[in-house]
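Each chain is listed here by its residues.
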Amino acid sequence: MTVSDPVVEDVVATISRTATEIRQGLIGRRGTVDEENPSGETQAEADVWADELLSDRVAGIDGVGQYASEERADVVACGDDPATSSAYAVAVDPLDGSSNLKSNNAMGTIFGVYDAALPARGDTLVAAGYVLYGPITTLVLATDETVSEYELTGGERTLIERDVTLPAEPVVYGFGGRVPDWPDDFREYAREIESELKLRYGGALIGDVNQVLTYGGTFGYPALQSRPTGKLRLQFEGNPIGYVVERAGGRSSNGSQSLLTVDPDDLHDRTPVHVGNDDLIERLEAALA
Ligand code: AFP
């Protein structure tokens, strides 16, 4: 199944092919480089390499005017300005959960295609998705039309589920950050959820969100006492994941409003991220109000 917008289709096909290469190239790139990304985190060799591969390929697509990534400070201008033309801006987290390379656990590549110049609100996304490097490489893709899941083999995508929707009965939850660092109101909400759902937390947003999409439930990386704006990045993680979950029938929130309605100040803004079944996000917002 291809996407009806040819530029978006080109972006998705390019990321699918590149992700397959990224996965194969992880072997031998498990070390760190002596650099920090713009969010102040130590970069893995694989983070830098995946970003270079993706920028080379995505920035070359006709109809893409900007490329931005969690691993570089500034937006790369690579075509017509999305602010004044019909060109799109593509934002990626080249290797989400790259610290899982050390322990050989799940990680992924996240992307968002914005119909606006970056930084942009999530409600300007026209497509977003992620590649999950699990035992099988899968792509979850959300567009205005639907959410689909594909298997990726040699860069080719095979549709395995169309109209992916969040199961109505929630089963799993995963919350990031250390419990003593959680604000009291979030801790109280978390206590309730812990007694209702089953814990699944793997340290890579993509792996954890994919469990929520598969079984129903919620993922949250809340505001912390030590980090009031949370850990995750709005442009590269919060918006694309919020878009996927909302398109799949769930909700997203920064604690008080949909992630997709948050006005960004900076390309590397952080935000608390909560996604999942409607009633769980409603309870979260009520608990934090
Ligand atoms: P890395 O890309 O540095 O491994 O961070 C992954 C991540 O941004 C996100 O994918 C996880 O949900 C979250 O951080 C995990 O953070 P903790 O290590 O604090 O649990």
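Residues numbered from 1 in each chain as written. Predicted model: local features only at pLDDT ≥ 70, side-chain atom pairs only at ≥ 80, totals over all residues. Heavy atoms only, no water.

1. Digging into the domain arrangement of the protein
Working step 1: Along its sequence, the protein is carved into domain 1 (6-162) and domain 2 (172-288).
Working step 2: Taking the mean C-alpha position of each, domain 1 and domain 2 sit 21 Å from one another.
Working step 3: For the pair domain 1 and domain 2, the two sides together bury roughly 2700 Å², of which 60% comes from carbon and sulfur.
Working step 4: The three residues of domain 1 that bury the most area against domain 2 are Pro-119, Arg-121 and Tyr-130, which together make up 21% of that side's buried surface.
Working step 5: Counting the contacts that link domain 1 with domain 2 gives 3 salt bridges.
Working step 6: Across the salt bridge formed by Glu-70 and Arg-233, the nearest N and O atoms sit 3.5 Å from each other.
Working step 7: Applying the counting rule to domain 1 against domain 2 returns 17 residue pairs in polar contact (both at pLDDT 80 or more).
Working step 8: Elements with a minimum of two residues in the side of domain 1 that touches domain 2: strand S3 (64-69), strand S5 (88-96), strand S6 (107-114), strand S7 (125-133) and strand S8 (137-143).
Working step 9: The element best represented in the side of domain 1 that touches domain 2 is S7, accounting for 8 residues. (Domains from an automatic or database assignment. Buried area = accessible area lost by both parts, 1.4 Å probe. Salt bridge = Lys/Arg side-chain N within 4 Å of Asp/Glu carboxyl O. Polar contact = N/O pair within 3.5 Å; in protein donor to acceptor, adjacent residues only side chain to side chain. Helix = DSSP H or I, 4+ residues; strand = E, 2+ residues; numbered from the N terminus.)

2. Some points on the packing of aromatic side chains
Working step 1: Inspection of every chain in the model, using the stated rule, returns 7 aromatic pairs.
Working step 2: Ring centres of Tyr-173 and Phe-175 lie 5.2 Å apart, and the angle between their planes is 50°; on these two criteria the pair is classed as tilted. Assigned by exposure class, Tyr-173 and Phe-175 land together as buried.
Working step 3: Centroid distance Phe-175 to Tyr-189: 6.1 Å. Interplanar angle 45°. Geometry classified as tilted. Remark: Tyr-189 occurs in helix H4 (residues 184-196) and Phe-175 occurs in strand S11 (residues 172-175); sequence separation between them is 14 residues.
Working step 4: Assessed through its relative accessible area of 3%, Tyr-189 is described here as buried.
Working step 5: The ring of Trp-49 has Arg-29 lying over it, and the distance from NZ or CZ to the ring centre is 3.8 Å. (Phe/Tyr/Trp six-rings, centres within 6.5 Å; stacked < 30°, edge-to-face > 60°. Buried < 20%, exposed > 50% of the residue type's maximum accessible area, 1.4 Å probe, protein only. Lys NZ or Arg CZ within 6 Å of the ring centre and 35° of its normal.)

3. A few points about the sheet that holds strand S15 (residues 251-253)
Working step 1: Pairing in this open sheet of 5 strands is mixed, and the strands run S12-S11-S13-S17-S15 from one edge to the other. Taken across any chain shown, the strands that pair with only one partner, and hence form the sheet edges, are strand S12 (198-199) and S15.
Working step 2: Note that strand S13 (residues 217-221) and strand S17 (residues 273-276) share 4 bridges and pair antiparallel. Considered in S17, the bridge of Phe-219 is made with Val-275.
Working step 3: Those strands touched by H4 are S11, S13 and S17, and its axis lies near 150° from that of S11.
Working step 4: Against the sheet, helix H7 (residues 278-288) contacts S13, S15 and S17, and its axis sits at roughly 20° relative to S15. (Pairing = 2+ DSSP bridges. Contact = heavy atoms within 4.5 Å. Axes fitted to C-alpha atoms, helices over the stretch in contact; angles between N-to-C directions.)

4. Examining the site of the ligand
Working step 1: Taken together, 15 residues are adjacent to the ligand, and Asp-96, Ser-99, Tyr-201, Leu-205 and Tyr-221 come closest.
Working step 2: Contact between the ligand and Gly-97: an oxygen atom at 3.0 Å from a main-chain N or O atom of the residue.
Working step 3: A distance of 3.2 Å separates an oxygen atom of the ligand from a polar atom in the side chain of Glu-237.
Working step 4: Burial of the ligand by the surrounding chains reaches 81%, relative to a free accessible area of 480 Å². (Near = heavy atom within 4 Å. Areas by Shrake-Rupley, 256 points an atom, 1.4 Å probe, with all protein chains shown as cover.)

5. Quick notes on the sheet that holds S6
Working step 1: Pairing is mixed in the open sheet, where 8 strands are placed in the order S4-S3-S5-S6-S7-S8-S9-S10. Two strands close off the open sheet at either side, each with one partner strand: strand S4 (76-77) and strand S10 (156-161).
Working step 2: Sheet topology places strand S9 (residues 147-153) next to S10; 5 bridges connect them, and they run antiparallel. From the neighbouring strand, Leu-152 faces S10, where its bridge partner is Arg-157.
Working step 3: This element, helix H1 (residues 6-25), spans S3, S5, S6, S7, S8, S9 and S10 of the sheet and lies at about 15° to S7.
Working step 4: Along the sheet, helix H5 (residues 205-215) contacts S5, S6, S7 and S8; its crossing angle with S7, the most-contacted strand, is approximately 105°.

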